[in-house]
Amino acid sequence: MAEERKDQEQQPELSELLKIRREKLFELQEAGEDPFQETRFVWDATSQQIKDNFEAMEGKPVKVAGRLMSKRGMGKVSFCDLQDRDGRIQLYARQDEMDEAVYKKFKKFDIGDIVGVDGEVFRTQRGEMSVRAKDITLLSKSLLPLPEKFHGLQDKELRYRQRYVDLIVNPEVKRNFLIRSQFIKHVRDFLDGRGFIEVETPVLNTIQGGATARPFVTHHNTLDIDMFLRIATELPLKRLIVGGMDRVYDLGRIFRNEGMDPKHNPEFTTVELYQAYADFNDMMDLFEELLSSAAQRILGTHEVEWLGERVSLAPGWPRLPMHEAVKQYCGIDFMAISSDEEAVAAAKGIGVELPSTKEPTWGNALYECFDQRVEEKLIQPTFITMHPVDVSPLAKRSPKDPRLTERFELFICHSEMGNAFSELNDPIDQRARFQKEVEARAKGDDEAGMMDEDFLTALEYGMPPTGGLGIGIDRCVMLLTGADTIRDVIAFPTMKPISE
């Protein structure tokens, strides 16, 4: 202990304040009262429980535990704010009502220390609900001071890097994560109640597939092969549909090696679900009911404010084919265009350029017009349906027009919230579409998928007509909390390392 103390005292980077806190710790340890040796404290009430049940609890003994957030008073009387999982409550400590030695030790406690308190519920002369302390135990010593009282932790970058401090000094941040937990529970309850079975699919895959995205690549030492972190759970889940598990879902992390912005984090959470003997219309009904009921259950209303807009999640969302949306907002009737050349020219005519990795086709031109000119205009919940087959390699073709698929995306406040298909179950058509992905990959499109022979084998055994839906959990939580960046709803978002 003496050597450890000497080493720490010699650290030149320690400020005087940090040295004082460490000195207090060493004094406790040398007196045989090391706070880090405390193993448990059995509390029986929280700050909010006391406030909610004050009349019944007034004058009764109580045990509370939490972090000291302030200390005030002098001499023989002290007031403190104790912060626990539910909020804050005032502590009242008086020397002549406590053991004198305990009170003297308590006077040396620092803001940020974690304590357990035996006391009595009472109301001060000023009317504040409080706990009159009889005994206070130091359960953990805070060696770093909390951010300055009146400014808190305001630097957003630092808040995301040190979420633990963010939660301590900005307790309102906790609301987002409580709503996130409630939403995930609602999703599971909603699907379980409709006969879906939750399953787990592989995170490591030998083939990149199930979505159009750039993957993270890792190496398996024993097998000596590169593997891909999953960019979607679609193909494993549809294998289970083939096997007779008619309603399945997987709720978990997805990894995409893409840029970071207010709506994107490299690892994010989705739920993908598949229902046999259903189509994309059934998925629209399900998605609308799931999200609108979540708002009602968690927030008590269908009205939310997000990204500066007031949005109604009350059921009855419009369903608009993509070509109709482009015609409405851009004035181009793609259904009257038959050639790829004319479609590309029409797109260029309104300033829409096709990415160099995409073929100059009718379908890609339609999609880029929507993506670059229409999406930003969709505020209220809107299902955009009938996507081109060129951008939908896993969706079933429309029987009315083979250029289109039975697919939809839900948009709210110009943000995609989910994606769904009538799933392609024709193995011959699926092989041809995989082949187009392979060709695009060979031309430099590293977001294109690969040929999945095992999945094709599964389809050849026969997959029933199936509806599939993928929902972005983080986006939905942003909507429900009003958060304008995904980092506010992910406890530990991906951050660029701080250079030494």
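The structure this text deals with has already been given above.
Here the structure is a predicted model, which is why all the values come from computation and not from measurement. (Residues numbered from 1 in each chain as written. Predicted model: local features only at pLDDT ≥ 70, side-chain atom pairs only at ≥ 80, totals over all residues. Heavy atoms only, no water.)

Draft legend 1. Here's a closer look at the packing of aromatic side chains. Taken as a whole and judged by the stated rule, the model has 9 aromatic pairs. When the ring of Phe106 is compared with that of Phe109, the centres are 5.7 Å apart and the planes differ by 85 degrees; the resulting orientation is edge-to-face. Taking NZ or CZ as reference, Arg132 lies 4.1 Å from the ring centre of Phe122, over its face. (Phe/Tyr/Trp six-rings, centres within 6.5 Å; stacked < 30°, edge-to-face > 60°. Lys NZ or Arg CZ within 6 Å of the ring centre and 35° of its normal.)

Draft legend 2. Looking closely at the state of the cysteines. Counting across every chain of the model gives 0 disulfides. Cys330 takes part in no disulfide bond, and the closest cysteine sulfur to it belongs to Cys369, at a distance of 5.7 Å. Among the residues examined, Cys330 registers a relative accessible area of 18% and is labelled buried. In this model Cys413 remains outside any disulfide bridge; the closest cysteine sulfur is found in Cys476, 12 Å from its own. (Disulfide = S-S within 2.5 Å. Buried < 20%, exposed > 50% of the residue type's maximum accessible area, 1.4 Å probe, protein only.)

Draft legend 3. A look at the sheet that holds strand S1 (residues 61–72). Reading around the barrel, the 5 strands line up as S1-S2-S3-S5-S4 and close back on themselves, with mixed pairing between neighbours. For this sheet, the mean inter-axis angle between neighbouring strands, taken without regard to orientation, is 55 degrees. Bridging between S1 and strand S2 (residues 77–83) involves 5 bridges; their strand directions are antiparallel. Each bridged residue has a counterpart across the sheet, and for Ser70 the counterpart in S2 is Asp81. Each of S1, S2, strand S3 (88–94) and strand S5 (129–140) is contacted by helix H5 (residues 100–107), which is oriented at about 60 degrees to S2, the strand it contacts most. (Pairing = 2+ DSSP bridges. Helix = DSSP H or I, 4+ residues; strand = E, 2+ residues; numbered from the N terminus. Axes fitted to C-alpha atoms, helices over the stretch in contact; angles between N-to-C directions. Contact = heavy atoms within 4.5 Å.)

Draft legend 4. Region of the structure containing the pairing of S5. When S3 meets S5, the two strands line up parallel, connected through 3 bridges. Pairing of Tyr92 across the sheet is with Arg132, part of S5. What sits between the antiparallel neighbours strand S4 (residues 114–123) and S5 is a turn of 5 residues, in which Gly127 has the positive phi angle 90 degrees.

Draft legend 5. Region of interest: the side chain of Lys141. Checked against the element boundaries, Lys141 lands in the loop between S5 and helix H6 (156–161). Here the side chain of Lys141 touches Asp113 through a polar contact of 2.9 Å, side chain to side chain. Apart from the residues within four sequence positions on either side, Lys141 is in contact with Arg21, Lys24, Leu25, Pro35, Phe36, Lys108, Phe109, Asp110 and Asp113. (Polar contact = N/O pair within 3.5 Å; in protein donor to acceptor, adjacent residues only side chain to side chain.)

Draft legend 6. Examining helix H14 (residues 427–442) more closely. With 16 residues, H14 should cover 22 Å at 1.5 Å per step; its first-to-last C-alpha distance of 22 Å lies within 8% of that length. Where the residues of H14 are buried, they touch helix H15 (453–460). Remark: Gly444 follows H14 within two positions and exhibits a positive phi of approximately 110 degrees. (Expected span 1.5 Å × (residues − 1).)

Draft legend 7. Here's a closer look at the environment of Thr405. Structurally, Thr405 can be placed in the loop between strand S15 (382–385) and strand S16 (407–412). With 20 residues separating them in the primary sequence, Thr405 and Thr385 have C-alpha atoms 8.3 Å apart. Excluding residues that lie within four positions of it along the chain, Thr405 makes contacts with Met386, His387, Pro388, Val389, Ser392, Ala395, Lys396, Arg397, Ser398 and Arg433.

Draft legend 8. The arrangement of the side chain of Glu288 in detail. Mapped onto the elements of the fold, Glu288 is located in helix H10 (residues 280–299). Summary of buried charges: Glu288 has no salt-bridge partner, and the nearest side chain of opposite charge, Arg319, is 4.6 Å away. There is a polar contact of 3.0 Å between the side chain of Glu288 and the backbone nitrogen of Trp317. Beyond its immediate sequence surroundings of up to four residues, Glu288 is in contact with Pro315, Gly316, Trp317 and Phe383. (Lys, Arg positive; Asp, Glu negative; His and termini not counted. Salt bridge = Lys/Arg side-chain N within 4 Å of Asp/Glu carboxyl O.)

Draft legend 9. Structural view of the nonpolar core. In this structure, Phe183, Phe334 and Ile412 are the most contacted members of the largest nonpolar core, which totals 72 residues. No other element matches H10, which puts 10 residues into this core. Sequence-distant contacts of Phe334, defined by excluding residues within four places in its chain, comprise Val326, Ala343, Trp362, Ala365, Leu366, Cys369 and Arg403. Formed by 25 residues, the second largest nonpolar core is a distinct cluster that contains Leu28, Val62, Val64 and Ala133. (Core = buried A, V, L, I, M, F, W, Y, C linked by side-chain atoms within 4.5 Å.)

Draft legend 10. Just unusual backbone geometry, in detail. Within the chain, Asp224 stands out as a residue other than glycine whose phi angle is a positive 55 degrees. Mapped onto the secondary structure, Asp224 falls in the loop between strand S8 (217–220) and strand S9 (225–229). Of the residues examined, Asp224 reaches a relative accessible area of 56% and is grouped as exposed. For Tyr277, which is not a glycine, the phi torsion comes out positive at approximately 65 degrees. Secondary-structure assignment places Tyr277 in the loop between strand S11 (267–276) and H10. In this structure Tyr277 comes out as exposed when scored by relative accessible area, which is 60%.

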